[in-house]
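# Fold and geometry: a report
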Amino acid sequence: MATRHAAQTFALATAPAAPVSRVLGIDVSHHQGRIDWPRMRKAGVRFALIKATEGTKFVDSRLVRNWTGALDAGIIPGAYHVVRLDGPTLQEQAAHYCGAVQDLPGGAMLPPALDVETRHIDAVAREGPADPALAVSRLLVWLQYVEARTHRRPLIYLSARGVRHLGGHHTPLIAYPLWLCEYRAASGAVAEPPPGWSGWDLWQWTSSASGRRYGVSSSKVDLDWWRGDLRGLRRWCRVEIRAL
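In every chain, residue numbers begin from 1 and rise along the written sequence. In keeping with the model being predicted, local features are shown solely for residues with a pLDDT of at least 70 and side-chain atom pairs are shown and tallied solely at 80 or more, while totals for entire chains, interfaces and linings include all residues. Side-chain descriptors were evaluated using all non-hydrogen atoms of the structure, hydrogens and water having been removed beforehand.

### What to know about the overall build of the protein
Strands are runs of DSSP state E lasting at least 2 residues, helices are runs of H or I lasting at least 4, and numbering of each runs from the N terminus. Along its length, the protein carries 7 helices and 9 strands. When contacts within the protein are restricted to residue pairs at least 6 apart in sequence, long-range pairs at least 24 apart make up 69% of them. For the protein, the exposed area adds up to about 10,500 Å²; of that, 50% sits on carbon and sulfur atoms. Any pair of residues with heavy atoms lying within 4.5 Å of one another is described as a contacting pair. Only the protein chains shown count as cover for residues, and all accessible areas are computed by the Shrake-Rupley method using a 1.4 Å probe.

Next up, the structure:
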């Protein structure tokens, strides 16, 4: 996310192309501080991925305020969990996430999301040569638990580099919609998904957009594209809700 990635990104002025129909989104956490959600909506943002949890102990201090602020401004919210692959069990982490988000209000919303940082994959890889497969098996525990609890198929956040670090063991993850982190697509180009995925559903294309422009207190913020138009995004969210 914005506070953790290297700064090899596009400025808003050189935003990469996306499909003709596209919807702008954002992802935020307590690192963005106070957020002016109406200003964000005026800037064109229509959905927001909001940090909920990390590991088994941490709940983002601004989760509820960010969630209700987004809803009140007419921005579709979603909640993500930052996974720790070298610590607590993934079932414990999944239960922690579900407990933190189960009482959040709202109608249409994005599916649950699992944020898989490359450095966390590498932490497991240090355990031995077979551990990329172990990392995937651990990720599946979280994904399957959350899907069983919420009846919603989670998004998985990965970079192409992260997929490479899984050493070819990522095939079981292809069943999950992809929130792609890719900052280095050529200017004017649409990011290509990693091997196995036919496309991305969300694309985080920068971590260096102007915070002021989007109503956040931090100097920079992440931006994302949805793969289709706003009607499609709303339909996607409502279908997820009806599946409950």
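From this point on, the discussion continues.
### A look at the pairing of strand S8 (residues 202-210)
When a residue's accessible area, from a 1.4 Å probe over protein chains only, is under 20% of the maximum for its type it is buried; when over 50% it is exposed; and in between it is partly exposed. For S8, the buried fraction is high: 8 of the 9 residues fall into the buried class. A pair of strands is treated as paired once DSSP finds two or more bridges between them. Strand direction decides the pairing type here: strand S7 (residues 178-181) and S8, joined by 3 bridges, are parallel. Across the sheet, Leu 180 pairs through a bridge with Trp 203, a residue of S8. Note that S8 and strand S9 (residues 220-226) share 6 bridges and pair antiparallel. The residue bridging Ser 210 from the neighbouring strand is Lys 220, located in S9.

### A word on the confidence of the model for the protein
When the pLDDT values of the protein are averaged, the result is 86; 84% of them are 70 or greater. In the predicted structure, residues 2-14 sits below a pLDDT of 50 and forms 39 contacts with residues beyond four places in sequence or in another chain. The predictor attaches a confidence to each residue, called pLDDT, with possible values from 0 through 100. Low pLDDT, under 50, characterises residues 239-244; the predicted model gives this stretch 11 contacts beyond four residues in sequence or across chains.

### Examining the pattern of salt bridges
The working definition used for a salt bridge is a side-chain nitrogen of Lys or Arg within 4 Å of a carboxyl oxygen of Asp or Glu. Scanning the model with the defined rule gives 6 salt bridges in all. Residue Arg 84 pairs with Glu 54 through a salt bridge whose shortest N-O separation is 3.7 Å. Placement of the pair is Arg 84 in the loop between strand S4 (76-82) and helix H3 (90-101) and Glu 54 in strand S2 (residues 45-54), with a sequence separation of 30 residues. A relative accessible area of 31% places Arg 84 in the partly exposed class. Here Arg 84 ties to Asp 86 by a salt bridge, and the two come within 4.0 Å at their closest N and O atoms.

### Here's the deal with the nonpolar core
Buried Ala, Val, Leu, Ile, Met, Phe, Trp, Tyr and Cys residues form a nonpolar core when they are joined through side-chain atoms within 4.5 Å. Formed by 54 residues in total, the largest nonpolar core has its most connected members in Ile 26, Trp 37, Leu 158 and Leu 173. A per-element tally of this core places helix H5 (residues 131-150) first, with 7 residues. Residue contacts for Trp 37: discarding those within four places in its chain leaves Val 28, Ala 48, Ile 50, Arg 65, Asn 66, Gly 69, Ala 70, Ala 73 and Ile 75. Formed by 18 residues, the second largest nonpolar core is a distinct cluster that contains Val 23, Val 82, Ala 113 and Trp 179.

### Overview of H5
Multiplying 1.5 Å by the residue count of a helix minus one yields the expected span of that helix. Helix length check: H5 (20 residues) gives 29 Å between terminal C-alpha atoms against 28 Å at 1.5 Å per residue, within 8%. Every buried residue belonging to H5 is among Asp 131, Pro 132, Ala 135, Val 136, Leu 139, Leu 140, Trp 142, Leu 143, Val 146 and Thr 150, and all of these are buried.

### With respect to the environment of Thr 56
With respect to the helices and strands, Thr 56 occurs in the loop between S2 and strand S3 (58-59). The class of Thr 56 is partly exposed, set by a relative accessible area of 23%. With 27 residues separating them in the primary sequence, Thr 56 and Val 83 have C-alpha atoms 9.3 Å apart. Here Thr 56 is in contact with Pro 88, Glu 92, Gln 93 and His 96, once residues within four sequence places are set aside.

### Some points on the packing of H3 against H5
Helix axes are fitted to C-alpha atoms over the stretch in contact, other axes to C-alpha atoms as well, and angles between N-to-C directions run from 0 to 180 degrees. Between H3 and H5, the least distance of the axes is 8 Å, while the angle of their chain directions is 35 degrees. For the element pair H3 and H5, the recorded crossing hand is right-handed. Of the residues in H5, those in contact with Leu 90, Gln 91, Gln 93, Ala 94, Ala 95, Tyr 97 and Cys 98 of H3 are Arg 138, Leu 139, Val 141, Trp 142, Tyr 145, Val 146, Arg 149 and Thr 150. A per-class count over the contact of H3 with H5 returns 10 nonpolar, 3 polar and 2 charged. By the definition used in this description, the sense in which the near helix is turned from the far one sets the handedness, with an anticlockwise turn below a right angle giving left-handed and a clockwise turn giving right-handed. Residues are grouped as follows: Ala, Val, Leu, Ile, Met, Phe, Trp, Tyr, Cys and Pro are nonpolar; Asp, Glu, Lys and Arg are charged; all remaining types, including Gly, are polar.

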